[in-house]
Amino acid sequence: MGFLDSLLGNASEVDLEKVEKEMERILIENERIEQAYKVIRDLMVFTNKRLLLIDKQGVTGKKVDYHSVPYKSITHFSVETAGTFDLDSELKIWISSTALPISKQFRKDESVFDIQQALAKYVIS
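Definitions and cut-offs
Residues numbered from 1 in each chain as written. Predicted model: local features only at pLDDT ≥ 70, side-chain atom pairs only at ≥ 80, totals over all residues. Heavy atoms only, no water. Helix = DSSP H or I, 4+ residues; strand = E, 2+ residues; numbered from the N terminus. Buried < 20%, exposed > 50% of the residue type's maximum accessible area, 1.4 Å probe, protein only. Contact = heavy atoms within 4.5 Å. Core = buried A, V, L, I, M, F, W, Y, C linked by side-chain atoms within 4.5 Å. Pairing = 2+ DSSP bridges. Axes fitted to C-alpha atoms, helices over the stretch in contact; angles between N-to-C directions.

Novice: Whenever I open this one, the overall build of the protein confuses me. Can you help?
Specialist: Each helix and strand counted, the protein has three helices and eight strands in total. Starting at the N terminus and ending at the C terminus, the protein contains elements arranged as α-β-α-β-β-β-β-β-β-β-α. By the burial criterion, 37% of the 125 residues in the protein qualify as buried. Once local pairs closer than 6 in sequence are excluded, the contacts in the protein between residues at least 24 apart make up 36%.

Below, the structure written as structure tokens:
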């Protein structure tokens, strides 16, 4: 997966060193990035302590929303695969004390399954 996949909305795993440099002001002491996925400009970062959802906003992407979700707050999650006429896959993550899930769209089934496996690894452990 590369640049074209990212533009099409497919998640691609990214270089952890680049993400660590970008996140150095966000990470706490003894927190390390273990996996990271990019969808267009946004990132889903799995650390040893939490899930970080990074939403780059606006035309330039200078405005950034960092959504930090401790793994213990995730109550459940689901994957909806693409169908014959619906080409999008969707990942939904429910957080305790919120009614609506966090929802992320993907263009290919394979990428959503990679992220689902990473999420299961941290939430179920």
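Novice: Just to check I follow, could you spell out the nonpolar core for this structure?
Specialist: Soluble, globular proteins show a tendency: their nonpolar side chains are buried together. If you look at the biggest cluster of nonpolar residues, it comprises 21 residues, and the most contacted ones within it are Phe46, Leu51, Ile74, Leu91, Ile93 and Leu119. Going through the elements one at a time, β2 (33-39), β3 (42-47), β4 (50-57), β6 (74-80), β7 (89-95), β8 (102-106) and α3 (109-124) are the ones with two or more residues in this core. Take this core: its biggest share by element is six residues, from α3. Apart from residues lying up to four places away in sequence, Ile74 is in contact with Leu51, Val69, Ile93, Trp94, Ile95, Leu119 and Val123. Formed by nine residues, the second largest nonpolar core is a distinct cluster that contains Val19, Val45, Leu52 and Ile54.

Novice: What is the right way to look at the side chain of Ser73 in this model?
Specialist: By the secondary structure assignment, Ser73 is in the loop between β5 (63-70) and β6. Leaving out residues up to four positions away in the same chain, Ser73 has contacts with Trp94, Ile95 and Ser96.

Novice: Would you explain the pairing of β8 in this entry?
Specialist: Residues in a regular strand point their side chains to alternate faces of the sheet. With five bridges connecting them, β7 and β8 associate as antiparallel partners. For Ser89, the partnering residue across the bridge sits in β8 and is Phe106.

Novice: Can you help me understand the sheet that holds β8 in this one?
Specialist: The strands making up a sheet are joined through hydrogen bonds of the backbone, oriented either antiparallel or parallel. With antiparallel pairing, the three strands of this open sheet are ordered in space as β6-β7-β8. The open sheet terminates on both sides in strands that have one partner only, identified here as β6 and β8. Averaged over all adjacent pairs, the angle separating strand axes in this sheet is 15°, with direction ignored. Pairing geometry for β6 and β7, over six bridges, is antiparallel. By the bridge assignment for β7, Glu80 is matched with Glu90.

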